[in-house]
Amino acid sequence: MQSTSEDERERGDLFLSSPITFIAVVAIDFGTTFSGFAFAFNNKDGEKSIHMNKEWGTDQGYSTMKTPTCLLLNPDKSFNSFGYEAQDRYADLEEEEACQYFYFDSFKMILHNNENLNRNTTLEAGNGEHMIALDVFKYSIKYLYTRALEVIQERTGDENFGMSDVQWVLTVPAIWKPAAKQFMREAAYQAGLACPSNPEQILIALEPEAASFYCMEQKMRDFVAESGTNDALVTDTIARIETQYVVVDIGGGTLDVTVHELLENGGIRELYKATGGTFGGQNVNRQFRILLETIFTKSFIDHYARQNPVDWLCLMNDFEVKKRGKRICEGGTTRIRLPGSFISKFPSHKGWDINTAIQQHCSLDEIKVVRNEYLCLEPKVMKQLFNPVMDDIISHLSNLFAQPELSKVKFAFLVGGFADSAVLQKRIKKHFGQTYRILVPQYASLAVVQGAVMFGQKPHKFESRIMTTTYGIRVLKLFLDGLHPESKREIITGIPRCKDVFFKLVKANEEVKVGEKRRFTGFAPVTGEQQQVKVDFYQSDRSDVEFVTDPEVLKAPGPGLVLETPEAWKTKDIEINLLFGGTEIKVTAVNLTSNQQSTVYLDFLASS
């Protein structure tokens, strides 16, 4: 396709759904370590109208707002259980029997880490077997939305309340690639959350944006270490018109950072593209495993985890709970319960007991086993487990705050599951507290899911975003000597053309308004022999790419657009329209002569 295009921009119709068409908004926060949901009815808004299930794990002796992100499937790969119940049932299995079941935990990170994510990507279960990742996410999402509907029915007494009454919101990290965000939507479709013919029923909420909604609704006394009697709202004190601030969302898997500004009309705009990395709380767990491998040898730990998956799960779960406590900062000893099988299977060496083995690597004043049951870690050791990931977080934030676009930022919200850690809070405030006011909600782990409900009620409040990716199409242009490389010259119907030109529809680092419509005109088939054109889409993290063959450019794996184009080559009357709605992009190509058109949502998830 050749181009003499012009770019026009205007305000277009949002393809965000209107909440008044639904009775309720339900947000599902699918986390790396913990997951949950929150809901509100559309005749009310604000934080106090948001409800959560506070009874996760009651059968196991817990009562929490979220449940572990773990899934248990039967030997035939059918659904067994999710969350605390999955952990409990898995723990009840005999070791030989457990190897027949498929147990998954902390599996969300594959969507960020897998550069080749596609519809046939697989996940490894605890038994070493693999399953299609879409199926694992499908089962998990189905459980969460089914439980959400059950809770709403129980609390309202309305047994007829169902799927069609709900505006669903799914949370995803802002730093995820387009393919990962689309993966979550497709898993939701397969789970029955909505259908592809009605995409507006599922909103994709970026996690730090959702947290921004939540924090702005809080009173100052709702933040850690703030005044206990200050009933003033954040928006009445430190967050006024044109205030610029940062949202630092640190969960189990990722650090997700966005920069926002409050607008005069009450809306929010993004000032700088989302940044982050794999700097979540699970890194502390990995350091704990490395510590165990150092003391007890890697071969023993690998063998133990493989042969005793249930006991290993109990050991790591105990550490997960203990690492969140204040004991580390208060100078107390952290006690991790070692399963009986761990003690009995640790091989004696030269007649040494387990503490003698520990002494070969560290002092018993720092690490020791008490009563042959508890691994006791002193504060110095526990802090060392936090240091690598906290160093990464501090480095990333320091580089970000140094950007000129953030020169007017005065404060930051620290949210997410890992933000509940007293160790992390203390380190962040120590490093940045002299320059920025660091605000941590009392329940930092709930900021995203409750904020996602607020986003579902008022999705139009977020007015613009900074693009993280450049999107475009491949076109031919007239070849210009001295400007275009000779390798791109191609003679077509006697005219020299420059092939493989990356025509940019939107660039990385460019601000785009939600609902903005961009219109590009002047496209045409190269010759009259073409009765239809196929428009493929390309993407790049860079804004200065020139050709679709550049190494930084990837072709979107979706089907693209096919448009019938009789006579269009004469009049150059093909028009391409982009509509930026929420977190997704809709593209329509129109033959203005015949009025034929083709529409697609940009598809970045390959089949294999």
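The rules behind these values
Residues numbered from 1 in each chain as written. Predicted model: local features only at pLDDT ≥ 70, side-chain atom pairs only at ≥ 80, totals over all residues. Heavy atoms only, no water. Pairing = 2+ DSSP bridges. Helix = DSSP H or I, 4+ residues; strand = E, 2+ residues; numbered from the N terminus. Axes fitted to C-alpha atoms, helices over the stretch in contact; angles between N-to-C directions. Contact = heavy atoms within 4.5 Å. Buried < 20%, exposed > 50% of the residue type's maximum accessible area, 1.4 Å probe, protein only. Salt bridge = Lys/Arg side-chain N within 4 Å of Asp/Glu carboxyl O. Domains from an automatic or database assignment. Buried area = accessible area lost by both parts, 1.4 Å probe. Polar contact = N/O pair within 3.5 Å; in protein donor to acceptor, adjacent residues only side chain to side chain. Nonpolar A, V, L, I, M, F, W, Y, C, P; charged D, E, K, R; others polar. Arc of directions from axis to C-beta. Left-handed = near helix turned anticlockwise from the far one by under 90°. Phe/Tyr/Trp six-rings, centres within 6.5 Å; stacked < 30°, edge-to-face > 60°.

An unreviewed UniProt entry lists the chain under the name Heat shock 70 kDa protein 12A, from Stylophora pistillata.

### Notes on the sheet that holds strand β8 (residues 102–105)
Within a beta sheet, neighbouring strands are joined by backbone hydrogen bonds and run either parallel or antiparallel to one another. Pairing in this open sheet of three strands is antiparallel, and the strands run β7-β6-β8 from one edge to the other. Each edge of the open sheet carries a strand with a single partner, namely β7 (79–82) and β8. On average, adjacent strands in this sheet sit at an angle of 15° to one another, irrespective of strand direction. Sheet topology places strand β6 (residues 70–73) next to β7; three bridges connect them, and they run antiparallel. Directly across from leucine 71, in β7, lies its bridge partner phenylalanine 82. Sheet contacts for helix α1 (residues 84–92): β6, β7 and β8; angle to β7, the most-contacted strand, approximately 115°.

### Description of the sheet that holds strand β17 (residues 367–370)
If you walk across this open sheet you meet the three strands as β16-β18-β17, and the pairing is antiparallel. This sheet does not close on itself; its edge strands, each paired only once, are β16 (334–337) and β17. Strand after strand, the sheet turns through a mean of 25° between neighbouring axes, direction not considered. Both β16 and strand β18 (residues 374–377) contribute to a ladder of four bridges, which runs antiparallel. Residue pairing across strands places isoleucine 336 opposite leucine 375, the latter belonging to β18. Strands in contact with helix α8 (residues 282–296) are β16, β17 and β18; relative to β18, the strand with the most contacts, it is inclined by about 110°.

### Looking at the pairing of strand β27 (residues 532–535)
Alternating residues of β27 divide into Val533 and Val535, all buried, and Gln532 and Lys534, none buried. Taken together, the four bridges between β27 and strand β30 (residues 561–564) define a ladder with antiparallel strand orientation. Across the sheet, residue glutamine 532 finds its bridge partner in β30, namely glutamate 564.

### Remarks on the pattern of salt bridges
Side-chain pairs of opposite charge can arise where the charged atoms are in close proximity. According to the stated counting rule, one finds 33 salt bridges in the structure shown. Measuring nitrogen to oxygen at the nearest pair gives 2.9 Å for the salt bridge that ties glutamate 552 to arginine 542. Within this pair, whereas glutamate 552 is found in the loop between β28 (537–540) and β29 (553–555), its partner arginine 542 is found in the loop between β28 and β29, the two being separated by ten residues in sequence. With relative accessibility at 32%, the residue glutamate 552 sits in the partly exposed group. Residue arginine 542 is classed as partly exposed on the basis of its relative accessible area, which comes to 38%.

### Regarding the environment of leucine 478
Mapped onto the fold, leucine 478 is located in strand β22 (residues 470–478). The exposure class of leucine 478 is exposed, given its relative accessible area of 51%. As for leucine 478 and arginine 497, which are separated by 19 residues in sequence, their C-alpha atoms are 4.6 Å apart. The contact partners of leucine 478, leaving out residues within four places of it in the chain, are His484, Ile495, Pro496, Arg497 and Cys498.

### Remarks on the pairing of strand β33 (residues 596–601)
Here strand β32 (residues 584–591) runs beside β33; their pairing, made up of six bridges, is antiparallel. Bridge pairing in β33 links threonine 588 to threonine 599. Between β32 and β33, which pair antiparallel and follow one another directly, the connecting turn spans four residues, one of which, asparagine 595, has a positive phi of 65°.

### Concerning the domain arrangement of the chain
One can read the domain layout of the chain as domain 1 (24–206), domain 2 (209–280 + 388–465), domain 3 (282–384) and domain 4 (469–476 + 505–601). With seven residues of domain 1 in contact, the opposing surface of domain 4 contributes six residues. Here domain 1 packs against domain 4, burying approximately 490 Å² in sum over the two surfaces, 43% of which is carbon and sulfur. Summed over the shared surface of domain 1 and domain 4, the number is one salt bridge. Here aspartate 541 ties to lysine 177 by a salt bridge, and the two come within 3.0 Å at their closest N and O atoms. The interface formed by domain 1 and domain 4 includes one residue pair in polar contact (both at pLDDT 80 or more). For the side of domain 1 that touches domain 4, the secondary structure elements donating two or more residues are α5 (178–191) and β12 (202–206). For the side of domain 1 that touches domain 4, the residue count by class is four nonpolar, no polar and three charged.

### A look at helix α9 (residues 298–307)
Those residues of α9 not exposed but buried are Phe300, Ile301, Tyr304 and Ala305. The arc enclosing the buried residues of α9, seen along the axis, measures out at 125°, which places them on a common side. Projecting away from the buried face of α9 at angles above 90 degrees are the exposed residues Ser299 and Arg306. Buried positions along α9 lie against α8, α10 (309–322) and α11 (340–345).

### Observations regarding the side chain of threonine 32
Inspection of the secondary structure assignment puts threonine 32 in the loop between β2 (24–30) and β3 (34–41). A distance of 3.5 Å separates a polar atom in the side chain of threonine 32 from the backbone nitrogen of glycine 253. When near neighbours in sequence (up to four residues on either side) are disregarded, threonine 32 contacts Thr69, Ser106, Lys108, Met109, Gly252, Gly253 and Gln282.

### Quick word on the packing of helix α13 (residues 379–401) against helix α14 (residues 422–432)
Remark: α13 packs on α14, axes separated minimally by 11 Å, with the N-to-C direction vectors making an angle of 35°. The two elements α13 and α14 meet at a crossing, and its hand is right-handed. Across the interface between the two elements, Phe386, Asn387, Met390, Asp391, Ile393, Ile394, Leu397, Ser398 and Phe401 of α13 pack against Val423, Leu424, Arg427, Ile428, His431 and Phe432 of α14. Tallied by class, residues from the contact of α13 with α14 come to ten nonpolar, three polar and two charged.

### Digging into the packing of aromatic side chains
Across all of its chains, the model carries 29 aromatic pairs by this definition. Taking the centre distance of 6.3 Å and the plane angle of 35° together, the rings of phenylalanine 79 and tyrosine 139 count as tilted. Taken together, the residues span a long stretch of sequence, with phenylalanine 79 in strand β7 and tyrosine 139 in helix α4 (residues 133–156) at a distance of 60 residues. Seen from their ring centres, tyrosine 145 and tryptophan 168 are 5.8 Å apart, and the 65° between their planes marks the pair as edge-to-face. Of the two residues, tyrosine 145 is situated in helix α4 and tryptophan 168 in strand β11 (residues 166–172); the sequence distance between them amounts to 23 residues.

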